[in-house]
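A structural walkthrough
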Amino acid sequence: MTAVIEVEGLTKRYGRLTAVDHISFTVGHGEVVGFLGPNGAGKTTTIRMLLGLIKPTSGRKRVLGEERLSRAASKVGSVIEEPSFYPYLSGRDNLRLAATLYGGVDEKRIYQVLELVGLLGRERDRVSKYSQGMRQRLGLAQAMLPRPELLVLDEPTNGLDPDGVVEIRNTIKALGQSGVTIFLSSHLLSEVERVASRVIIIEKGKIKADGSVKDLLSRLAGGKAVMKLRTGDLDRTAQLLSAQPWAKEFTRDDTSLRLILAAQDVERVMPILVGAGIKIYEFDQEDFSLEDLYLGTVQEGHHNHAAQGGRA
Amino acid sequence: MTAGVETLSQVAVARTRVPAIWRVVRAEFLKALRKRRTWFLVILYFIIGPLLQVLLRGTRALDGVALASNNLNGILGNLWVRLAVLLVVTMVFIEDRPARMWKSVLPIVPWRSQLLFGKVLAGFLLLGVLMLGSGLSSYLVGELVDALTPGQVRFSVRTSLVSLLTAYAGQWAGSIGYLGLCFLGGWLITSPLVAVLILYLLPGLLEQGVNSGLGWYVGRFKPEGFDQVAETIKGLLLTPNMEVGRYLVRISGTNWSAAGHALLVSAGYAVICLGLLWLLFRRADIHN
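What you are looking at is a predicted structure, and each value in this text was computed from that prediction instead of being measured.

Quick look at the overall build of chain A now. For chain A, the helix and strand inventory stands at ten helices and 13 strands. Along the first, second and third principal axes, the C-alpha set of chain A runs to 75 × 45 × 35 Å. Burial statistics for chain A: of 312 residues in total, 54% are counted as buried. Total accessible area on chain A is roughly 13600 Å²; 45% of this is exposed by carbon and sulfur atoms. Computed over 42 positive and 39 negative side-chain charges, the inter-centroid distance for chain A is 6 Å.

Pasting the structure below:
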C-alpha cells in the first residue's frame, strides 16, 4: 500500500513542554484513520506539523511522498478546528477565493462541493449569517475543492447539531469509499468508529495505540464478553450474579444489567436465572466499543505513563 | 450528496501553472471588490475628496494663472495617502491575523514568501487603482467646476492630464515605504484596531520626536556645523518624503531631484520593513 502520510520521530517542543514526542506512523492510500486523544494530547499540533503550519522541533514527515507540503498542497484538503472564512463574503465567494488560490478549480466544482455539503441554496448568504455547523460544512467544501487525494480533518463535527453530525459523517464515509485518504481527528468516538477503519490514539504527545479498529477491540476484549440483561426482577438477578465468582463486574441502570465476564462463562448465566424462576426478556452479547478502547488506553496511560513506550 | 462524491473519481482538472503570487493577487482583488471598505475608499477618493478640495479650499489661481493644484494639495497630502494605504493594508493583511486566516490559507498556499509578497503586491496594486482613479477624478472635477464658474479665477490645475497623472503615479510609488511599514506593523501588532491607530499616528509622532530631539541636542550642546547633519536626518524621515506627487507638479517646475530623493527614501523604508517582515514571517510558527 502506498504511504500517503509518513511520520518518523516527529517531535514538537514549546520550551520545556513537549507537545508531541517522537511519534511515528504511516497512513496508506485509501485508509480512513481516526486520530484520537484527549484535549492537549498533541492531535492538533501533529496535524499542524503535517500541514506545514508549524515547524517540527525534530523528526520527519512526508505527505504524498513529499517532505515539503508545497509540492503536495494541491492534492491535500484540510479543515483545522473551526475553519476561518471572510465573514463579509458569501459562502460561494469564500470558495471562489480558495479556488483562485488553489488554481485550476472551476465554477462547476464550487457548486459540486456546495451540493456535497448541503449548502446549495445558501451559497449567496454572507458567512457572517451562517451557523457554526454551516461554517464547518463550508470548511469541508473548501477542503474538497481541489479533488484532494488526502483530506486532513481536525474535529470536523465541532459545534454541529445532530443532523449536521450525521451529514458530515455520511460525507466522510462516502469520501472514504471513493478512495480519498482521510486523516480524521475527533473527540466524538462513536463518529470515528463509524467511519474509520483504523485508529491512532495519542496521549501526552505519545502514541498509545495504533491499529485497525477490529484488531484493537479484539485485543481489548482479550477473551472477555459484555452481556446485556433485561429480566423480570433486576434486583434478584443482580443479587444472584454478584454471588458468582466468574462474574467479573457489572453495572446496572433502571432497565438492564451490563455484565462483563470471561467468554467461556457466558453459558453459565442462563441456567442460574432460569433455575431461580426469573423471567428473561433480553440476553444479548454486546461488542466492546471504541469508547471502551479509548478510555482503557488513556486511563492506562494516566496510571502508567512513565513505563509506557511509544506504541501499544 | 452521493452525486457530488462520484465526481471525485473523475479526472482531476489540470492545474494551471499560474505562479502562486499571482493567484494571491487575484484572490485579494476578488476580496477587495466585495468589501464595502473598497467602495468607501472609492467614493472618498474619487468623489468626496476632489469635490471638497475644490469647493472648500477656494482658488489657487490668480488672474487665470494656476498657482498650485487644489486637488494635489489635498489628495496627495500624506494624511490622505496614509489613510488609503492603511485601509488597504488592513483589508489585505492586518485583518487576517485575528480572523485566524493563516491556518486556512497556508495549507493552500504553502509558499510563505509568495503568499506574503502576493499580499504586498495586491495592496500596492489596489493603491495604484485608487490613485489612478483619484487622479482622473481630480482632473474631471477641476474641469467641471471651471466650466461651471465663469471668470478669471480657475479652480483646476490647468496642467495637462498627463502631468497630473504623473503626479499621482509618483505619489503611488512614493507610498511604498509607508505600505511596507504598515505590513510590518500589522504583523507585529496583533490587534487590528491598535495597529491601525498606531500606524496612522506613528510617522507624524516619529517626525515630531526626531525634530524635538534634534532641537534639544542643538540647544544643549550647540554643536558647530550640526545644521547640515540635522537637515540630512530630517530629510530621511518618512512623512516629508511621502508627498512625491507635490514635487512633480509645481508652478516653479518639476523638482525631479526632490522627487527622486523622496522616492529613494520611501523605497529604503520599504526594503527595510518588508525585509524584516519576511524574516519574521519565515521564522514564525503560525500559531493563529
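Quick look at helix H4 (residues 132-144) of chain A now. Taking 1.5 Å as the rise per residue, H4(A) with 13 residues should run 18 Å; its terminal C-alpha atoms sit 19 Å apart, in good agreement. Within H4(A), eleven of the 13 residues are buried, leaving the element largely enclosed by the surrounding structure. All of the buried residues in H4(A) are A:Gly133, A:Met134, A:Gln136, A:Arg137, A:Leu138, A:Gly139, A:Leu140, A:Ala141, A:Gln142, A:Ala143 and A:Met144. Elements that come into contact with the buried residues of H4(A) comprise strand E5 (76-80), helix H2 (91-102), helix H3 (107-116), strand E6 (150-154) and helix H5 (162-177) of chain A together with helix H6 (102-105) of chain B.

Let's shift gears to the interface of chain A and chain B. Chain A puts 47 residues into the contact, and the matching count from chain B is 43 residues. Across the interface of chain A and chain B, roughly 4100 Å² is buried in total on both sides, 58% from carbon and sulfur atoms. Taken together, the connections running from chain A to chain B amount to one salt bridge. With a closest N to O distance of 2.5 Å, A:Asp93 and B:Arg34 form a salt bridge. In this structure, the connection of chain A to chain B is made through eight residue pairs in polar contact (both at pLDDT 80 or more). Taken together, the elements giving at least two residues each to the side of chain A that touches chain B come down to strand E1 (3-14), E5, H2, H3, H4 and H5 of chain A.

Turning our eyes to something else, we now look at the environment of B:Phe281. Residues and elements named next belong to chain B. Examined against the element boundaries, Phe 281 turns out to sit in helix H13 (residues 256-283). Judged by its relative accessible area of 0%, Phe 281 is buried. A sequence separation of 165 residues divides Phe 281 from Leu 116, and the C-alpha atoms of the two residues are 8.1 Å apart.

With that out of the way, let us pick up the domain arrangement of chain A. Residue and element names in this part refer to chain A. Considered domain by domain, chain A is made up of domain 1 (3-217) and domain 2 (222-301). The C-alpha centroid of domain 2 is placed 39 Å from the C-alpha centroid of domain 1. If you look at the interface, domain 1 gives 13 residues, while domain 2 gives nine residues. Summed over both partners, the interface of domain 1 with domain 2 comes to about 1100 Å²; 78% of that surface belongs to carbon and sulfur atoms. For the domain 1 face of the interface with domain 2, the top three residues by lost area are Leu 189, Ile 201 and Leu 217, together amounting to 46%. In this assembly, domain 1 and domain 2 are joined by zero salt bridges. Here domain 1 is connected to domain 2 by zero residue pairs in polar contact (both at pLDDT 80 or more). Elements with a contribution of two residues or more to the side of domain 1 that touches domain 2: helix H6 (189-195), strand E8 (198-203), strand E9 (206-212) and helix H7 (213-221). Its residues assigned to classes, the side of domain 1 that touches domain 2 comprises nine nonpolar, one polar and three charged.

A word on the sheet that holds strand E2 (residues 17-28) of chain A. Residue and element names in this part refer to chain A. The three strands are arranged E2-E1-E4 in an open sheet whose pairing can be described as antiparallel. Of all strands in the sheet, those with a lone pairing partner are E2 and strand E4 (58-63), marking the two edges. Neighbour-to-neighbour, the strand axes of the sheet open up by a mean angle of 15 degrees, direction not taken into account. Docked against the sheet, helix H1 (residues 43-50) engages E1, E2 and E4, running at close to 120 degrees with respect to E1.

With that out of the way, let us pick up the pattern of salt bridges. If charged atoms from side chains of opposite charge come close, those side chains can pair. Residue and element names in this part refer to chain A. Within this structure, the stated rule accounts for 18 salt bridges over all chains. One salt bridge connects Lys 206 with Asp 21, and the closest N-O pair in it is separated by 3.2 Å. Of the two residues, Lys 206 is situated in strand E9 and Asp 21 in strand E2; the sequence distance between them amounts to 185 residues. Residue class for Lys 206 comes out partly exposed when judged on its relative accessible area of 22%. Taken together, the shared-partner salt bridges connect Glu 6, Arg 60, Arg 62 and Glu 67 into one network.

A few words now on unusual backbone geometry. Residue and element names in this part refer to chain A. Located in the positive-phi region is Leu 64, a residue other than glycine, with phi close to 50 degrees. Note on placement: Leu 64 falls in the loop between E4 and E5. The residue Arg 147 is not glycine, and still its phi comes out positive at about 55 degrees. Assignment of secondary structure puts Arg 147 in the loop between H4 and E6. The buried category is assigned to Arg 147, whose relative accessible area is 14%.

Parameters at a glance
Residues numbered from 1 in each chain as written. Chains lettered and ligands numbered in written order. Predicted model: local features only at pLDDT ≥ 70, side-chain atom pairs only at ≥ 80, totals over all residues. Heavy atoms only, no water. Helix = DSSP H or I, 4+ residues; strand = E, 2+ residues; numbered from the N terminus. Buried < 20%, exposed > 50% of the residue type's maximum accessible area, 1.4 Å probe, protein only. Areas by Shrake-Rupley, 256 points an atom, 1.4 Å probe, with all protein chains shown as cover. Lys, Arg positive; Asp, Glu negative; His and termini not counted. Charge placed at Lys NZ, Arg CZ, Asp CG, Glu CD. Expected span 1.5 Å × (residues − 1). Contact = heavy atoms within 4.5 Å. Buried area = accessible area lost by both parts, 1.4 Å probe. Salt bridge = Lys/Arg side-chain N within 4 Å of Asp/Glu carboxyl O. Polar contact = N/O pair within 3.5 Å; in protein donor to acceptor, adjacent residues only side chain to side chain. Domains from an automatic or database assignment. Nonpolar A, V, L, I, M, F, W, Y, C, P; charged D, E, K, R; others polar. Pairing = 2+ DSSP bridges. Axes fitted to C-alpha atoms, helices over the stretch in contact; angles between N-to-C directions.

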